[in-house]
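Close look at the chain arrangement
One letter stands for each residue in the lines below.
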Amino acid sequence: MSQQELLVAARSAVALAKKHGAKDAAASASRSREVETTWRDGKIEKVSDAVSRSVTLQVYADGKYGSMSTSDLRPDALDRFVAGAVQMVRAIAPDVHRTLPDPSLYAGRSTEDLGAFDPALLEVTADARVARAKALEEAARSVKDGGRILSVSTAVSDQTVASSRVTTNGFEGAFQASYASQSASVSVKDDDGRRPEDWAYATTRKLSSLPAPELVGREATERALARLGAKKMPSGTMNVLVEARARGLLWHLVGPLSGASLQQRESFLEGKLGSAVASRELSLMDDPLLREGLASRPYDSEGISTKRRALFEKGVLKTYLLDVYYANKLKLTPNSGATTNVLVAPGTRSKDQLTADMKDGIVITSFLGGNSNGTTGVFSLGLAGYRVVAGKRAEAVGEMNISGNHLDFWKRLVAVGNDPYLYSSLQSPSLLFEKVSVAGT
């Protein structure tokens, strides 16, 4: 289906909802295609090519709300689907907080070119995907000490998405997006029989923005080899440098900003708006208009026009994330309930400079499980990485964890690197913390 056909389908769905008695309705029509080739130890392991299309209809009738989806977009089938959806919603308990956004929230939609769609991805051939997957493995096996490699898996994928949204109170929008990805995962043999593994990965909006497969393949092996001989360090309080790629730590800080967490009293950030909850080194921006950003978009899933906004500014909490439903419950103004591209303001020093500056401690290269309580802020996370002695890299470490409370932990941030990880919607540089509780032996 073309973009115009998706828009027509969305318009038709909301018109049918009104015809069948709904007070209001919103419809999102989408079409996507994702092609993936996976390669393992010299052979193709799997090829998949999935195409889907659907209409998701949100119905508001008699003070009640429901959301249903269908993939059958033939006119007669769509009419039956919508009639059934309206009838079903009328059987649900009322919920006065379920409403469409106020039309004023649709205003000011950006017309910037977000670079979110790459037509070149429509021309990628199966042979080209296989060649790239093969090149990833060849690069992985070309690294010195590659004789320790037990297995190499690589993957190449591309995805294109088109969507349209229409509401009965005046919103219409259409958007196209694309993603190109490649990855390599390598396992190696340790002297004690263990099989450490690691990976490298990149996703971009445009095919031409991907790094060379050789870089990704080599990085995966180098990271896996760097984990050989990993052991526990003695427990203690020490300096910790969290590598840019281990950015997941930040999601534990951003998650409790949601309206759902606040309304359900499950956020350690409740009542902290305008307060310093981190050190002045931390500034966090939600930027939906970042060119080629993986989560860039001119409007959110409800049609609210997206705008750049500060989440934390020099450690001070600046905003919560409120969709229409939870904003209504909290009697606050909706401002879009989800983040887009979350960017940590970078510093001026490289990761190597930060490593030298911290002198003794641990560099965390990845987090391995654990938990973080969004209500209390208490967390304990497994880690892998390496020890730093006198500013120099020493032995690999593993089977350890860091713990604390986010309301204290983020105030221990003393420096931010200049190396943001670019292949994610969460772009964080390396982060240096002091006096962190680390458990080992």
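In what follows, the structure referred to is the one given above.
Residues numbered from 1 in each chain as written. Predicted model: local features only at pLDDT ≥ 70, side-chain atom pairs only at ≥ 80, totals over all residues. Heavy atoms only, no water.

Let us look at the layout of surface pockets. Taken as a whole, the largest pocket encloses approximately 520 Å³ of empty space. In this structure, the largest pocket is lined by 24 residues; those nearest its centre are E219, R223, E243, R245 and K351. Of all elements in the fold, only β6 (197–204), α4 (213–225) and β13 (378–389) reach the threshold of two or more residues within the lining of the largest pocket. A per-class count over the lining of the largest pocket returns twelve nonpolar, two polar and ten charged. In this structure, the second largest pocket occupies an estimated 240 Å³ of space. Lining the second largest pocket are 14 residues; nearest its centre among them are S28, S163, Y299, D300 and S301. Elements supplying a minimum of two residues to the lining of the second largest pocket: β1 (24–40), β2 (43–61) and β4 (149–167). (1 Å grid on protein atoms, 1.4 Å probe; cavity = no way out; pocket = protein on both sides within 12 Å on 5 of 7 lines; lining within 4 Å. Points joined across faces, edges and corners; volume = space filled by probe spheres on them. Helix = DSSP H or I, 4+ residues; strand = E, 2+ residues; numbered from the N terminus. Nonpolar A, V, L, I, M, F, W, Y, C, P; charged D, E, K, R; others polar.)

Another point: the sheet that holds strand β16 (residues 426–427). Two orientations exist for strands paired in a sheet by backbone hydrogen bonds: parallel and antiparallel. The strand order across the open sheet built from five strands is β10-β9-β8-β11-β16, with neighbouring strands paired in mixed fashion. Strands with a single pairing partner mark the edges of an open sheet, and in this sheet they are β10 (316–317) and β16. (Pairing = 2+ DSSP bridges.)

The gaps of empty space that remain are located by a probe, the size of a water molecule, rolled over the atoms. Under the definition given, this model contains two cavities of 30 Å³ or more. Roughly 50 Å³ of volume is contained in the largest cavity. Along its surface, the largest cavity is lined by R33, V35, L121, L122, D158, Q159 and T160. Elements with a minimum of two residues in the lining of the largest cavity: β1 and β4. By residue number, the principal contributor to the lining of the largest cavity is β4, which donates three residues. Of the residues assigned to the lining of the largest cavity, the class counts are three nonpolar, two polar and two charged. In this structure, the second largest cavity encloses a volume near 40 Å³. Contributing to the lining of the second largest cavity are V242, E243, A244, A246, R247, L249, L250, S428, P429 and L431.

An order of β3-β2-β1-β4-β5-β6 is seen for the six strands of this open sheet, with the pairing classed as antiparallel. In the strand order of this sheet, the two ends are held by β3 (64–70) and β6, each with one partner. Strand-to-strand, the axes of this sheet are offset by a mean angle of 20°, without reference to chain direction. Along the sheet, α4 makes contact with β4, β5 (172–188) and β6, crossing β5 at roughly 50°. (Axes fitted to C-alpha atoms, helices over the stretch in contact; angles between N-to-C directions. Contact = heavy atoms within 4.5 Å.)

L257, F312, I362, W410 and F433 are the most contacted members of the largest nonpolar core, which has 43 residues in total. Beyond its immediate chain neighbours, meaning those up to four positions away, I362 contacts M233, M238, N239, V240, L241, L383, Y386, V397, M400 and V438. In this structure, L6, A9, A10 and V55 belong to the second largest nonpolar core, which totals 26 residues. (Core = buried A, V, L, I, M, F, W, Y, C linked by side-chain atoms within 4.5 Å. Buried < 20%, exposed > 50% of the residue type's maximum accessible area, 1.4 Å probe, protein only.)

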